[in-house]
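What follows is each chain in one-letter form.
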4 protein chains.
Amino acid sequence: MIRAAVMGATGYGGGDVIRLLVSHPHVQVTMVTTSSQAGQPLGQHQPQLAALDLTLEPANLPELADRADVVFMSLPHGAAMALAPGLLARGVRVIDLGADFRLKDPEEYTAWYHLPHACPELLTRAVYGLPELYRDVLAGCALVANPGCYPTAVLLALAPWKELASTSPVLVDAKSGVSGAGRKADLALAFCEVNENIKPYNLAGVHRHTPEIEQVASSWCGAPVRVSFNPHLVPMNRGILATVYLPLEPGMSAQKAHHRCAQFYAGEPFVQVLPPGDLPQTRHTLGTNRCLLGVAVDHRAGFLVLVSAIDNLGKGAAGQAVQNLNLMFGLPETTGLMGPALVP
Amino acid sequence: MIRAAVMGATGYGGGDVIRLLVSHPHVQVTMVTTSSQAGQPLGQHQPQLAALDLTLEPANLPELADRADVVFMSLPHGAAMALAPGLLARGVRVIDLGADFRLKDPEEYTAWYHLPHACPELLTRAVYGLPELYRDVLAGCALVANPGCYPTAVLLALAPWKELASTSPVLVDAKSGVSGAGRKADLALAFCEVNENIKPYNLAGVHRHTPEIEQVASSWCGAPVRVSFNPHLVPMNRGILATVYLPLEPGMSAQKAHHRCAQFYAGEPFVQVLPPGDLPQTRHTLGTNRCLLGVAVDHRAGFLVLVSAIDNLGKGAAGQAVQNLNLMFGLPETTGLMGPALVP
Amino acid sequence: MIRAAVMGATGYGGGDVIRLLVSHPHVQVTMVTTSSQAGQPLGQHQPQLAALDLTLEPANLPELADRADVVFMSLPHGAAMALAPGLLARGVRVIDLGADFRLKDPEEYTAWYHLPHACPELLTRAVYGLPELYRDVLAGCALVANPGCYPTAVLLALAPWKELASTSPVLVDAKSGVSGAGRKADLALAFCEVNENIKPYNLAGVHRHTPEIEQVASSWCGAPVRVSFNPHLVPMNRGILATVYLPLEPGMSAQKAHHRCAQFYAGEPFVQVLPPGDLPQTRHTLGTNRCLLGVAVDHRAGFLVLVSAIDNLGKGAAGQAVQNLNLMFGLPETTGLMGPALVP
Amino acid sequence: MIRAAVMGATGYGGGDVIRLLVSHPHVQVTMVTTSSQAGQPLGQHQPQLAALDLTLEPANLPELADRADVVFMSLPHGAAMALAPGLLARGVRVIDLGADFRLKDPEEYTAWYHLPHACPELLTRAVYGLPELYRDVLAGCALVANPGCYPTAVLLALAPWKELASTSPVLVDAKSGVSGAGRKADLALAFCEVNENIKPYNLAGVHRHTPEIEQVASSWCGAPVRVSFNPHLVPMNRGILATVYLPLEPGMSAQKAHHRCAQFYAGEPFVQVLPPGDLPQTRHTLGTNRCLLGVAVDHRAGFLVLVSAIDNLGKGAAGQAVQNLNLMFGLPETTGLMGPALVP
């Protein structure tokens, strides 16, 4: 059994990692940590996990190193980079669900997160945990930068379109459920502020997922990619729908666009390309590690429209983290991740 | 008192027209009609209107002409054009909340609605009921084509950008609450199918509001405008948020963009342009005839982002219909329409 | 014009008072106060009220006395009783939407609210603001204790059943939308904690509305009434549904029960008793000062079931406060309150 | 491998049975049937199950008998009793998620369901599938009447209170999510009719789950039990919360009540009794076969309050059906059912 510790276990992301690990046949959760509620039972904050009978502990490095083979970090930015070097030095693998190891350039990290990077030397060692693009490098690696929820949805839509993405700006209009904002007391996230409302926020290139998408897309495409990323908050718990707009190439049709996507993802267990005319809905991914992709072609106005649906806590966070664990430890990639979505 | 009849009184649009007329000091609802529940009390289908003590009647032309000075039609397409000529001939004014008189070209109507037009001669006489653009022509007119909910949101965002809109395709990503789909027994609109879900539909230029937006925008701009219209269904009752993307002109800033919008709508009672940095949310328009506009500028990727929020049943239907009634009858335009949004 | 000040103007209750006063023909809002955001525009916290162009001010007694004829207090308990005596002494009338003047016995107040009462001498002077029971005393009075949202729903259901209510315990199972908990940053009220969930809380006689209901019911019935009050939180913004269970008297039928309720409330503008077989839903009260009542009779198990639906911010708070204002100032009781519910 | 057929596979209940069976290590779904969409892929109606690559078939008896060891029936009442005798005669076991085999008295069935019973001789053979009460009889049986969702929640709350339940009427105020009403095109279930609303329905003993609860409770208690069952519809997809009220016995305390429940359910894998002061919420059961129970004591008014939370499609339908399958086939009862709830 692989021994796993989960840091940030009282949050939505940490809770979902534990939910998935409970059903994983080769992993045992041996330690759950918290920054402020140490000593309390996990079930007090996550009643659905009370049966595990785990007690929240402080994030103690030697303890983690001693009792875990891998540490999932679901923490505010800045916290992971403080602990990762020590864990890696002690031979413990790290999957960071936060942003600390996603950007390769420490200055870019500082520019967007307003913090100096604590271990820039690890940035090149960290592997960006999008298995559909970087499976080979993830296999057996020690430090994974688990992608952001929005970047996961957007990059999976973009990946089959290398040339197109690198020759004109990519427009992304994204819609997210509320759990993506984390679990916290915040008036802006109160039920009556969010319910019966659509709220755009951090539009036009100021959201922190912008440089992440651009960096990975540019690297993947082998040329600079410019992305206008525009997120909106929608009244539901889970789910991201990213609608991606690209200029339509001459001769492109819905059939051809579908064919290209379908070929690109042929054999991928977690990416399903819907037939032309069919469009993804977030509810068909609820609780899973799946990404649904659809295509549409606007011949009148000249746009290729790519639609990507995921569960922001699933393929957008915890599900992908477990997929990465499987790759890191040489397990079949789908282990513990094949349950269908919860519908309705 | 102006005597008003409301056709389609059991639907969401018809109900909202009545709700607004109840508070209108110069209008009395004298007749409410239905295609199939004639004889039943209105309050059986619209309990919130039971106090009016009205009985649903069939849509009888002489009765309507006899008892109404103006008829609001909130009907499936095809139904309004069957009755409007007779009413107009008898001197009754008509406000059609449906699509029958929006497109000026009867062939275009047939192409999109799969019906021959019953009275093409009225199409030139019908005035497109967007007062912010066509106030002068609406004053005193007899037949109003009340705009679609999506076109209202989009056109108000676009109107200050004539040159830009006519020189490159306009990309619209729109999100709507569920009431826009009407009141009917339809599995696709069932609570458990819609709730906790984002669902794109009729993407990439196949939604019927596409030609409406293009026709009005082209006419307004004096040059052909191409629009890629992409709607999404969101789990809430009311509200439309349209996010409109245009190429960024050199030298344009958020301040300048705001200034242009604010100047354009200076003095408009129902359009509020938010300061740069502030973005509209649909909930602040709930139940009202207001449109909130915001702007953002993506200098990295080169887009001007315009955001428009309305209540699809308010400024997107019933509110605007009452605003048009005020213009048609020479009343102050804001009569009966100044109540604040219901928040939360 | 009556000059009104609204204290706690950034909250849901205060905001809804202002929303109603905007449409009130005889009232002008002259001052809005806040405990912590003084100096900011009201529209920053309540964008739907931005058109009023009011600035939040601190709660200064001389200013209030100088600029207001009546003060609406929508404040945490303890705050109203600190200011009310001074205002009354200066001839300003007070409508307290909080709990400070509802309980007649200062020791009971202390027992339930853990505070000594600051002005027990005012408790007998305060009139409990349920017009359907206490209209005569409310007319022209100076200090109104506006009822709690739950007590309003429950007492209106109980009032026609004096003998029954005083001879056996009254069982109340109440369900409320989330706005009743106020506007604040609180993890328990976060969207993802409340959405897709039913949550019972403060069951079995520990909710603070218990003594309020018992006091008023006992006084009204002329005999001690015992109530088991059991509230549940439901994922919606507004609305309270109280289901009230009483033992079934021999010979009672749904027809007779309906008749008794209908007779009791004959002529009441804001209470509507539905015919037997029809049951109230909260959505038909949204945004209004209405209470819908329904009755059902369980002959098998021997229960009379009374169902009461209100908008917790309408008849349960702001609407009733304005109704009380009308009574206090000798205006027609329905002034500014007759708009239909916002459906859907 | 046990070969399972699922009838009514396009509905919510049938879909959830399949969802659970996908993760069950000893069951393979070999056939899925429908009354009207035969020939279409299952994934067209249940996209989350598309990976199974099953085609909907008509409900053909020989085919079912040939290809299934057990048939799950998630059908409208009347349909199961037409097919069950033939299947049983061919040695196929049946788990009926509908109402056809729940009531032991065929006349009572007819009185409540307005149909003669097609195979009254099977009624005594059918075992009521509530394992916590009838585990021994369920082991190895051939025909299971899977309990209704409401009866499951109510009976699990009542079971530890035999004497009390049989000496005075039991009052149940139940709240349910919308999926309990099934998947169908019905205006009353449309999003805008259900959302932002609480709706009582079939109050006061007229809901069909009333005789089911009374029959099982009476049989369990060994004396006639009278239940006043009062359901309410709440705007969420899944979940039932039943609040059960009983007269308080002298000397009863929350501690004692908790103790009795906890002892009664000691060792039960799917029933969790919360400590005094803690109350169940439906969201902690989402997607699972768990029942959460809580107790509260109202000393003032004299009521014992029992609260029961389940997922209506989980322990209230599909989860319990799989639990029954495990018992029927001699598998460990928890097989395939131990995944934690999906939170949030």
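The structure contained in this document is the topic of the report that follows.

Some thoughts on the relation of the copies chain C and chain D
For the pair of chain copies, the relating operation is a rotation around an axis with a shift along it. At an RMSD of 0.0 Å, chain C and chain D line up after a rotation of 180 degrees and a shift of 0.0 Å along the axis. Viewed as a symmetry operation, the transformation between the two copies matches a two-fold axis.

Some thoughts on the interface of chain A and chain B
Interfaces are often sized by the amount of accessible area the parts lose when they come together. Every contact between the two is made by 48 residues of chain A and, on the other side, 48 residues of chain B. For the pair chain A and chain B, the summed buried surface comes to about 4000 Å²; carbon and sulfur atoms form 61% of the total. In terms of surface lost to chain B, no three residues of chain A exceed E196, I198 and R300 of chain A, which account for 19% of the buried area on that side. For the interface between chain A and chain B, the tally reads six salt bridges.

A word on the interface of chain C and chain D
Residue-level contacts link 48 residues of chain C with 48 residues of chain D. Both sides together, the interface formed by chain C and chain D hides about 4000 Å², and carbon and sulfur atoms give 61% of it. Interface area lost by chain C to chain D is led by E196, I198 and R300 of chain C, which between them contribute 18%. Here chain C and chain D share six salt bridges between them. Applying the counting rule to chain C against chain D returns 28 residue pairs in polar contact (both at pLDDT 80 or more). Taken together, the elements giving at least two residues each to the side of chain C that touches chain D come down to β8 (170-176), α9 (191-194), β9 (199-200), α10 (209-221), β10 (227-233), β11 (240-247), β13 (291-298) and β14 (303-310) of chain C. Split by residue class, the side of chain C that touches chain D holds 26 nonpolar, eleven polar and eleven charged.

Description of the environment of R90 of chain B
Within the element layout of this structure, R90 of chain B appears in the loop between α4 (80-89) and β5 (93-96). In the structure, R90 of chain B is positioned 250 residues away from P340 of chain B in sequence and 37 Å away in space, judged by C-alpha atoms.

Here's the deal with the packing of aromatic side chains
Evaluation of the coordinates by the stated rule reveals 26 aromatic pairs over all chains. Between Y150 of chain B and F229 of chain B, the aromatic rings sit 4.8 Å apart at their centres with planes inclined by 70 degrees, giving edge-to-face as the arrangement. Of this pair, Y150 of chain B sits in helix α7 (residues 149-158) while F229 of chain B is found in strand β10 (residues 227-233), placing the two residues 79 residues apart along the sequence. Comparing Y150 of chain B with F229 of chain B, the two get one shared label, buried. Following the ring pairs from residue to residue traces out a cluster consisting of Y128, Y134, W220, F264 and Y265 of chain A. In this structure, K162 of chain B is placed above the aromatic ring of W220 of chain B, and the distance from its NZ or CZ to the ring centre is 4.4 Å.

Thresholds, definitions, all that
- Residues numbered from 1 in each chain as written.
- Chains lettered and ligands numbered in written order.
- Predicted model: local features only at pLDDT ≥ 70, side-chain atom pairs only at ≥ 80, totals over all residues.
- Heavy atoms only, no water.
- Least-squares fit on C-alpha atoms with pLDDT ≥ 70 in both.
- Contact = heavy atoms within 4.5 Å.
- Buried area = accessible area lost by both parts, 1.4 Å probe.
- Salt bridge = Lys/Arg side-chain N within 4 Å of Asp/Glu carboxyl O.
- Polar contact = N/O pair within 3.5 Å; in protein donor to acceptor, adjacent residues only side chain to side chain.
- Helix = DSSP H or I, 4+ residues; strand = E, 2+ residues; numbered from the N terminus.
- Nonpolar A, V, L, I, M, F, W, Y, C, P; charged D, E, K, R; others polar.
- Phe/Tyr/Trp six-rings, centres within 6.5 Å; stacked < 30°, edge-to-face > 60°.
- Buried < 20%, exposed > 50% of the residue type's maximum accessible area, 1.4 Å probe, protein only.
- Lys NZ or Arg CZ within 6 Å of the ring centre and 35° of its normal.

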